[in-house]
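Here are the chains, one letter per residue:
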Amino acid sequence: MHDAPANRNDRTPTVVKLGGSCLDDLGAAWWDDLARHGRERPLVLVHGWSKPLKRLHPRYSEPSAILRDRYGNQSRWTTPEVIADVKTVSASLGEEVLGRLERRGVLAERLLGSDGLVRAGEGERWWWRNKQLVELDNLVGPITGVDPARLKNLRPGHAYLVTPLARNTAGQEVNTDADRAAAALAGATDAADLVLVTDVAHLLIGGEPVRRITAEAAAAFRDKGATGGMRKKLRAAGEALERGVQRVVIGNAPVTELLAARTGTVITRD
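Reading the values: the criteria
Residues numbered from 1 in each chain as written. Predicted model: local features only at pLDDT ≥ 70, side-chain atom pairs only at ≥ 80, totals over all residues. Heavy atoms only, no water. Pairing = 2+ DSSP bridges. Helix = DSSP H or I, 4+ residues; strand = E, 2+ residues; numbered from the N terminus. Axes fitted to C-alpha atoms, helices over the stretch in contact; angles between N-to-C directions. Contact = heavy atoms within 4.5 Å. Expected span 1.5 Å × (residues − 1). Phe/Tyr/Trp six-rings, centres within 6.5 Å; stacked < 30°, edge-to-face > 60°. Buried < 20%, exposed > 50% of the residue type's maximum accessible area, 1.4 Å probe, protein only.

Asker: Even after reading the chapter, I still don't get the sheet that holds strand β12 (residues 173–175), so can you show me in this structure?
Answerer: Each strand in a sheet pairs with another by means of backbone hydrogen bonds, the pair being arranged parallel or else antiparallel. Across the sheet, which stays open at both edges, the four strands sit in the order β9-β6-β11-β12 with mixed pairing between neighbours. The open sheet has two edge strands with one neighbour each: β9 (143–146) and β12. Looking at each pair of strands side by side, their axes are set apart by 45° on average, direction ignored. In the sheet, strand β6 (residues 118–120) pairs with β9 via three bridges, with the strands oriented antiparallel. Directly across from Val118, in β9, lies its bridge partner Val146. Running at roughly 75° to β12, helix α3 (residues 80–102) makes contact with β11 (165–168) and β12 of the sheet.

Quick look at the structure:
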């Protein structure tokens, strides 16, 4: 038995995070499906930029481009120059995504999270470099709030594409995790569903695909077995559910297939 779409009014959006590593692999049929869904329900899309940034310059593929903090969390080393490059690749990516949607009858607009939409707190300052913990000015920060009033046109047939930058209390533009930004946006807009589109079909535990899992079990696996990008996705899923989202789906199929639970991994509170 498949899940039915959650019952909320038609101005409640579906929030979809598009992984930067999988955008090139989403074909015409995937976009046709998203547009059909978008004509019935508002869309808030949040994009990653990892692969486009690596294409822009080889330095972004080097191990030194990634930092690890004293707690073991990874982050891209973000300077003002990196922020500028993120905006460059995001503008190009945005033009492509908006064009694909508009050709399919869905009006779309791009928003920088740092333009009053997403707020961030103070970021970690101590990072491992050359096997030593050193203090660095790394322009990253945890999300502390979202102003949904910036999303004035939440209606069927309209989509927002959000670049997950934020503004911290010092007024600096900072990098935030795209999955967790999508979770914050889903909570702030009262979304029933958060879809994390990635390059894997399911969450795998012990090499086996997981079709359904509770938030509690997902958090236990996140802390003991998950690594890299999946660990961040599971953290984002937990945050979304805590903010009132009914379910989170992770996978790489068309959005309506994921929402119908025909594929992917569904994470729920209970």
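Picking up after the structure, the text goes on.
Asker: Help me understand helix α1 (residues 28–40), please; the structure alone is not making it clear to me.
Answerer: One turn of an α-helix holds 3.6 residues; hence residues three or four places apart share an orientation. Relative to the 18 Å expected for 13 residues at 1.5 Å per residue, α1 spans 19 Å between its end C-alpha atoms, a close match to the ideal helical length. Tucked inside the fold, the buried residues of α1 contact β1 (14–18), β2 (43–47), α3, β10 (158–163), β13 (193–197) and α7 (255–259).

Asker: Explanation requested: the sheet that holds β10 in the structure shown.
Answerer: If you walk across this open sheet you meet the eight strands as β5-β10-β2-β1-β13-β17-β18-β16, and the pairing is mixed. Edge positions in the sheet fall to β5 (107–112) and β16 (212–214), since each of these pairs with one other strand and no more. Strand-to-strand twist of the sheet, defined as the mean angle between neighbouring strand axes without regard to direction, takes the value 20°. Examined bridge by bridge, strand β17 (residues 247–251) and strand β18 (residues 265–268) share four bridges and lie antiparallel to one another. By the bridge assignment for β18, Ile250 is matched with Thr265. Relative to β2, α1 is tilted by about 140°, and along the sheet it contacts β1, β2, β10 and β13.

Asker: Looking at this model, I keep getting lost on the side chain of Asn175. Mind explaining?
Answerer: Considering the arrangement of structural elements, one finds Asn175 in strand β12. For Asn175, the residues in contact, after removing those within four places along its chain, are Trp49, Arg76, Thr78, Ile83, Leu139, Val140, Gly141, Pro164 and Leu165.

Asker: Even after reading the chapter, I still don't get the packing of aromatic side chains, so can you show me in this structure?
Answerer: Throughout the structure, instances matching the rule amount to one aromatic pair. Consider the rings of Trp30 and Trp31, whose centres lie 4.9 Å apart with planes at 75°: the pair is edge-to-face.

Asker: Honestly, the side chain of Arg247 in this entry has me stumped. Any pointers?
Answerer: Of note, Arg247 is situated in strand β17. Assessed through its relative accessible area of 5%, Arg247 is described here as buried.

Honestly, that's just the spatial picture; any functional story needs more than this.
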